[in-house]
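Working through the structure, step by step
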Amino acid sequence: MKEDVVCGMKVKEDTPYKSEFQGKTFYFCNAGCKTEFDKNPIKYSRR
Amino acid sequence: MFVPESSDLFVEKDGQKYYFCSQACMDKFLSPEAESGKIKRKLVVAWVFTIPIMIVQYGFPGILFHNLIELLLSIPVMAYSGSLFYKGAYHSIKMHTGNMDLLVSMGTLTAFFFSAYLTFFTFYGSSVYFDAAAFIITLILTGNYIETVTKERANSSARKLETLLPDVAHKLAGDGSETEIKPDDIEVGDIILVRPGEIVSCDGKVVEGKSEVDQSVITGEQDPVLRGEGDMVVSGTRNLNGILKIRAEKPGKNSTINEVYRLIQSASMGRVKVQRIADVFSSIFIPVVLAVAFSSSLFWYFYLVSTGFIYPWEIAILVFVSVVVIACPCAIGLAGPITLLISSNISSQNGIIVKNSGSFDRLAKATTIVFDKTGTLTMPDPVVENVLPEEGISYEDIVTMAASLEKYSDHPIAKAIVSLSQDKKIKLKTANEIKEIPGLGIMGNVEGKKIQVSRSTKAGITGITISVDGKDMGHILLSYRIRDSAFAAISSLKSMGKKVSMVTGDSEDQAKRIAQTLGIEDVHWGAMPADKSEIIRQYQESGEYVVFVGDGINDSVALETADVGISMGSGLDIARESGDIILLNNDLNHVVYSVIIGAKTISKVKQNIGWAIGYNSVLLPVAAGALVPLTGLYIYSLLPILAALAMGMSSTSVVLNSLRLNGKIRRSLSPYGWNAASKPNKTQASPAH
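Residues numbered from 1 in each chain as written. Chains lettered and ligands numbered in written order. Predicted model: local features only at pLDDT ≥ 70, side-chain atom pairs only at ≥ 80, totals over all residues.

1. Some remarks on the overall build of chain B
Quick note on the threshold: Where helices and strands are cited, they refer to DSSP runs of H or I of at least four residues and of E of at least two residues respectively, numbered from the N terminus. To sort residues by burial, count the other C-beta atoms lying within 10 Å of each one's C-beta; a count of 20 or more means buried, 12 or fewer means exposed, and anything in between means partly exposed. C-beta atoms are built from the backbone. Contacts are defined on C-beta atoms placed from the backbone: any two residues whose C-beta positions lie within 7 Å are in contact.
Check the secondary structure of chain B and you find 24 helices and 26 strands. Across the 689 residues that make up chain B, the buried fraction comes to 48%. Looking at chain B alone, contacts between residues at least 24 apart form 70% of all its contacts between residues at least 6 apart.

Below, the structure is given as structure tokens:
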């Protein structure tokens, strides 16, 4: 299980909502969290 | 502790799903008072029967039917007091996970049934361990009770808010008649009468009356504020000395006091990053403990059989009981939540509302604090600094002309001019054909003359020019005053090694003037809301952790972009405010306090988790028999009881260590005027120029 860095929920790696940032994959529980991450990846990738 | 989403123990509240590791945890969440009463009853029964068991076991070991008496005395402790743990263990097995209840249940039931077997089926003088089973339950319940009472006390400020609303409100009908209704029954638009000494029952606008209002419960500020017609008053505040009639705007669940209560609760139930360590530890811990318990138990059995020891089963079972009891992970589970609960309560008592507890993590890492200017470092509205009439024109004439037109505008400059005319008791004239041109000013006819008021901000000076029939009559100069607290706050942040920056949409001159006065070297001017956000992003790209302090409504983009957004709340509309933290009073020293509270909270959570993990790591080998070479097997006649004692102590020590956070935060903040913060000066601003 991975952690959605935007909302803190546990998500499975096969979630359709993913983003790449600085060579690392981030997993999200829904499209809203992914959009929020993509708007400001530095902020969330450091959480 | 970590709970899989497959758990059937969950509650949906405020659109969020909460999962629980045990029935006891869920009951505690749903009804903390009832749960506390239940634990207390179980605890009393546990002590009432455990003390006689200890007396029989150690005071009268030779008494007739010794074992049977202990068995009978331990039944109420096991069946009634211990049922709390068995229910939790049952749910934990159902969801294929382990929890503290499972370990306690395995330990106590093993000791009880093994002793019962010895009582009825052995004829040699074997010892029984009813005392261990009962004492483990009693001590762990005592630990739980101390934890519950501590949480209730720590939560008292939030609960104080909830119980603060009056039982009745006085609703006024159109004919002026008064009826008593419950605050929950107030509807938007109702006119509510609030007499001196009464608590305001809903958020609303004053439609009649003038009075001083004590807002300390919401903002932390002790000095009352004057509220009159057109001003907002919020629920939970106390009307001191006049009668107020209020038109309800946000009654019931939407009122400020309910919103503050909800935010404190959700912050204290939140999580910080360092708790992930505790999660990982908890999820692997139970299987490891069970493996250690079984393997060490078997090891001692076979080893003792090989040495010809006559009671190998007894020692093997005592090893098992000691290991599972000593390793209960409840201190690890407590480490984060109890600290966050205490922190969010200390903050809220002083008007710092933490909307998102994850911001404690980022506050602890903050390197750069970026301030918005207008409304943050300076007051949101300008005040008149100087009135400059042309030759032959009086002070009164110029203010009359300007205010007679400006009273039709909502512009902050217009409000400052009208306020001046009211202060000087200058009578205004009737104006007609009013026309306001956004960004330029207002014009109209007064006594047949065409008057124009032009607003301008040039070379850092905000002002208006008044002309009659095209001829200049004079100027009025205004300024945005710097908040008194800005000087101390910026100097404190710099002394803590933080970089301080200012961003503003104002001109270069105006921005530099304020920055220079405050000692801020890094200034960005002419910034639109999107630019502010871009500036923050650039800091983040260069590796800085950015806290942005701004207006909760106008600066929402920048507040969201920053690692931590602190909004200067109006204290009236928390739900609309963006950001992770809201300052309910406008004292900028609270930015300093927030940064310090964040750092102290995270350090305390780390310390607690370290203690809890360290404690388990050291004592587990002791329970498994590491000390037997030094003490001999005799240690096992006491170890189950010592394990229970240590278990209760570990939770209690985590709770007590967290309580020390209160004093630690106060001591850390006192050099920065923490005590003074709750009693700010009545004069909140000083001139910028």
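2. Overview of the overall build of chain A
Helix and strand counts for chain A come out as two helices and four strands. Ordered by position from N to C terminus, the α and β elements of chain A give β-β-β-β-α-α. Expressed as lengths along the three principal axes of its C-alpha atoms, the size of chain A is roughly 20 × 20 × 15 Å. Taken across its 47 residues, chain A has 23% of its residues classed as buried. Within chain A, counting contacts between residues at least 6 apart in sequence, those at least 24 apart form 26% of the total.

3. Topic: the interface of chain B and chain A
Cut-off, in case you're wondering: Put simply, Ala, Val, Leu, Ile, Met, Phe, Trp, Tyr, Cys and Pro go in the nonpolar bin, Asp, Glu, Lys and Arg in the charged bin, and everything else, Gly too, in the polar bin.
Of the residues lining the interface, seven residues belong to chain B; the matching set on chain A comes to five residues. Element by element, the count of residues in the side of chain B that touches chain A is highest for helix α19 (residues 529-541) of chain B, at three residues. Residue composition of the side of chain B that touches chain A, grouped by class: no nonpolar, two polar and five charged.

4. Observations concerning the nonpolar core
Residues and elements named next belong to chain B. Where we set the bar: A set of buried Ala, Val, Leu, Ile, Met, Phe, Trp, Tyr and Cys residues, joined to one another through C-beta atoms within 7 Å, is what we call a nonpolar core. An automatic or database domain assignment is the source of the domain bounds shown.
The biggest cluster of nonpolar side chains holds 152 residues, and the ones touching the most others in it are Ala 133, Ile 136, Val 323, Val 324, Val 325, Ile 326 and Val 547. The element best represented in this core is helix α21 (residues 589-626), accounting for 15 residues. Both domains that meet at this core, namely domain 1 (169-264) and domain 2 (270-379 + 482-689), each give it at least three residues. Once residues lying within four places of it in the same chain are set aside, the contact partners of Ile 326 are Leu 619, Leu 620, Ala 623, Ala 643, Ala 646 and Met 647. Ile 398, Ile 413, Ala 431 and Ile 476 belong to the second-largest nonpolar core, a separate cluster that totals 20 residues.

5. Some words on the domain arrangement of chain B
Size of an interface: often given as the accessible area lost when the parts come together. With domains assigned, chain B is organised as domain 1 (169-264), domain 2 (270-379 + 482-689) and domain 3 (383-479). Its C-alpha centre places domain 1 of chain B at a distance of 35 Å from the equivalent point of domain 3 of chain B.

6. Quick notes on helix α18 (residues 508-518) of chain B
Residues lying three or four places apart along an α-helix face the same way, a consequence of the helix completing one turn every 3.6 residues. Residues and elements named next belong to chain B. Counted only if it meets this: Regarding the arc, it is the one traced by the directions from the helix axis to the C-beta atoms.
Taken together, the buried positions of α18 are Gln 510, Ala 511, Ile 514, Ala 515 and Leu 518. Considered in projection along α18, the buried side chains sweep an arc of 125° and stay on one side of the axis. In the core, the buried residues of α18 are packed alongside α14 (373-377), β20 (482-483), α17 (484-495), β21 (499-503) and β22 (522-524). A positive phi of about 80° marks Gly 519, the residue just after α18.

7. Details of the sheet that holds strand β8 (residues 225-227) of chain B
Where we set the bar: Here a strand pair is declared whenever DSSP counts at least two bridges between the two strands.
Spatially, β8-β7-β10 (chain B) is the arrangement adopted by the three strands of the open sheet, whose pairing is antiparallel. Looking at the sheet topology across the chains shown, the edges are occupied by β8 and β10 (238-239) of chain B.

8. Observations regarding the sheet that holds strand β12 (residues 352-354) of chain B
Residues and elements named next belong to chain B. Stated formally: Angular values range over 0 to 180 degrees, each being the angle between N-to-C directions of two axes fitted as lines to C-alpha atoms, with helices fitted over their stretch in contact.
The strand order β12-β25-β24-β23-β13-β21-β22 describes an open sheet built from seven strands, whose pairing is mixed. Two strands in the sheet have a free side with no partner beyond their single neighbour: β12 and β22. Strand-to-strand twist of the sheet, defined as the mean angle between neighbouring strand axes without regard to direction, takes the value 20°. Pairing geometry for strand β23 (residues 546-551) and strand β24 (residues 564-568), over five bridges, is parallel. Of the residues in β24, the one forming a bridge with Val 547 is Val 564. α21 contacts β12, β13 (368-372), β23, β24 and β25 (581-583) of the sheet and is inclined by roughly 45° relative to β12.

9. Points about the environment of B:Leu388
All names here are of chain B. Take Leu 388: it is sitting in strand β14 (residues 383-389). C-beta crowding within 10 Å serves as the criterion here: with 13 such atoms nearby, Leu 388 is assigned to the partly exposed category. Considering only alpha carbons, one finds Leu 388 and Val 207, 181 residues apart in sequence, at a separation of 36 Å. Apart from the residues lying within four places of it in its own chain, the contact partners of Leu 388 are Gly 474, His 475 and Leu 477.

10. Structural notes on the pairing of strand β5 (residues 191-194) of chain B
All names here are of chain B. The alternating pattern of β5 places Ile 192 and Val 194 on a buried face and Ile 191 and Leu 193 on a face that is not buried. As paired strands, strand β3 (residues 169-172) and β5 are joined by three bridges and run antiparallel to one another. Note that in β5 the partner of Lys 171 across the bridge is Ile 192. Looking at chain direction, β5 and strand β11 (residues 244-250) are connected through four bridges and run antiparallel. Looking across to β11, one finds that Val 194 is bridged to Leu 244.

11. Things to note about unusual backbone geometry
The phi torsion at B:Glu447 lies on the positive side, around 50°, for a residue other than glycine. Examined against the element boundaries, B:Glu447 turns out to sit in the loop between β16 (441-446) and β17 (449-458).

12. Regarding the confidence of the model for chain B
Atom-level detail of predicted coordinates should not be read off regions where pLDDT is low. All names here are of chain B. Short version of the rule: Confidence of the predictor in every single residue is expressed as pLDDT, which spans 0 to 100.
Residues at a pLDDT of 70 or more form 84% of chain B, whose mean pLDDT is 82. This model gives residues 676-689 a pLDDT under 50, and the stretch forms 39 contacts once residues within four places in sequence are excluded. Predicted complex metrics record ipTM = 0.77 and pTM = 0.74.

13. So, α19(B)
To be explicit about the condition: For a helix, the expected span equals 1.5 Å multiplied by the residue count minus one.
With 13 residues, α19(B) extends 19 Å from end C-alpha to end C-alpha; this agrees with the ideal 18 Å at 1.5 Å per step. Every buried residue of α19(B) is listed here: B:Lys532, B:Ser533, B:Ile535, B:Ile536, B:Tyr539 and B:Gln540. Viewed along the axis of α19(B), the buried residues span an arc of 155°, placing them on a single side of the element. Exposed residues pointing more than 90 degrees away from the buried face of α19(B) are listed as B:Ala530, B:Gln538 and B:Glu541. Contact partners of the buried residues in α19(B): α2 (41-45) of chain A together with β13, β21, β22, β23 and α20 (556-561) of chain B.

14. Some remarks on the packing of helix α4 (residues 83-94) of chain B against helix α5 (residues 100-121) of chain B
Residue and element names in this part refer to chain B. Worth spelling out the cut-off: Angles below 35 degrees are treated as roughly parallel, those above 145 as roughly antiparallel, those between 65 and 115 as roughly perpendicular, and all remaining angles as oblique. For a crossing to be left-handed, the near helix must be turned anticlockwise from the far one by less than a right angle; the clockwise case is right-handed.
Running from N to C, α4 and α5 point in directions that differ by 120°, and their axes come no closer than 7 Å. One element, α4, and the other, α5, form an angle in the oblique class. Crossing angle aside, the handedness with which α4 passes α5 is left-handed. Contacts between α4 and α5 involve Phe 85, Tyr 86, Gly 88, Ala 89, Ser 92 and Ile 93 from the first element and Asp 101, Leu 102, Val 104 and Ser 105 from the second. Here the contact of α4 with α5 is built from residues that sort into six nonpolar, three polar and one charged.

15. A word on the confidence of the model for chain A
Of all residues in chain A, 100% have pLDDT values of 70 or greater, and the mean over the chain is 87. By mean pLDDT, the top-scoring element of chain A is strand β4 (residues 24-27) of chain A (94), and the lowest-scoring one is strand β2 (residues 10-11) of chain A (82).

16. Details of the environment of B:Leu659
Residue and element names in this part refer to chain B. Checked against the element boundaries, Leu 659 lands in helix α23 (residues 639-669). C-beta crowding within 10 Å serves as the criterion here: with 16 such atoms nearby, Leu 659 is assigned to the partly exposed category. Through-space distance from the C-alpha of Leu 659 to that of Arg 227 is 38 Å; in sequence the pair is 432 residues apart. Apart from the residues within four sequence positions on either side, Leu 659 is in contact with Thr 150 and Ile 342.

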